[in-house]
Amino acid sequence: MLLATASGHAEDNRACISKATETLPHIVGLVIKKTRTRPVPPAILATWQGQTRPIIVDVDTVAAGTEETYSYMCVLTKGSAYVRRVMS
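Conventions adopted
- Residue numbers here run from 1 along each chain, matching the order of that chain's written sequence.
- A pLDDT threshold of at least 70 governs which residues receive local features in this predicted model, and a stricter bar of 80 or more applies before side-chain atom pairs are shown or counted, although totals over entire chains, interfaces and linings include all residues.
- Excluded from the side-chain calculations are hydrogens and water; all other atoms, namely the structure's heavy atoms, are used.
- Cysteine sulfur atoms are paired as a disulfide whenever they fall within 2.5 Å.
- Runs of H or I in DSSP of at least four residues are treated as helices and runs of E of at least two as strands, each being numbered from the N terminus.
- Here's how the labels work: a residue is buried when its accessible area is under 20% of the maximum for its type, exposed when over 50%, partly exposed in between, all with a 1.4 Å probe on protein chains only.
- Pairing between two strands requires that DSSP report at least two bridges joining them.
- In this analysis an axis means a line fitted to C-alpha atoms, helices contributing only their contacting stretch, and an angle means the value between N-to-C directions, from 0 to 180 degrees.

Draft legend 1. Layout of the state of the cysteines. Applying the stated rule across the entire model yields 1 disulfide. Bridging C16 to C74, the disulfide has an S-S length of 2.0 Å. A torsion of -75° about the S-S bond marks the disulfide between C16 and C74 as left-handed. Here C16, found in helix α1 (residues 2–23), pairs with C74, found in strand β3 (residues 66–77); they are 58 residues apart in sequence, far enough to count as distant. The burial state of C16 is the same as that of C74; both residues are buried.

Draft legend 2. Just the sheet that holds strand β2 (residues 55–63), in detail. Strand order across the open sheet formed by 4 strands is β1-β2-β3-β4, with antiparallel pairing between neighbours. Looking along the sheet, the strands with just one partner apiece sit at the ends: β1 (31–39) and β4 (80–86). Neighbour-to-neighbour, the strand axes of the sheet open up by a mean angle of 30°, direction not taken into account.

Draft legend 3. Here's a closer look at the pairing of β3. One ladder, built from 9 bridges, connects β2 with β3; its direction is antiparallel. In the strand pairing of β3, D58 is matched with S71. The hairpin turn running from β2 into β3, its antiparallel successor, is 2 residues long, and A64 in that turn takes a positive phi close to 50°. With 7 bridges connecting them, β3 and β4 associate as antiparallel partners. What sits directly across from L76, in β4, is A81. Between β3 and β4, which pair antiparallel one after the other, the connecting turn spans 2 residues, and K78 there sits at a positive phi close to 50°.

Right under this line is the structure:
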C-alpha cells in the first residue's frame, strides 16, 4: 500500500513538472537545467481551501548565459495539473 502511494505521488510530481515546463516563457535558446518539487510554504497552506494539497515546482533555466529559476504552484484536480507562477 505504501508503495502505491509513493508511486502515485511521483506521478503527480511528473504531471506538475510537465505542466510547469510547458508554461515557461518562449525564449529563444532557453534550456532547462534542472527541475524539482517542494512543499508549499506554511503561510500558503494556512489559507489553502482546495481539496488537493498543492506543491511548488522549481525549474532552473539558462538562456543567453543568464540563469533563472521559475517557480510554479501546482495542484492536481481530476487528473489534470494546473500551475500558476509564484515569486520565490
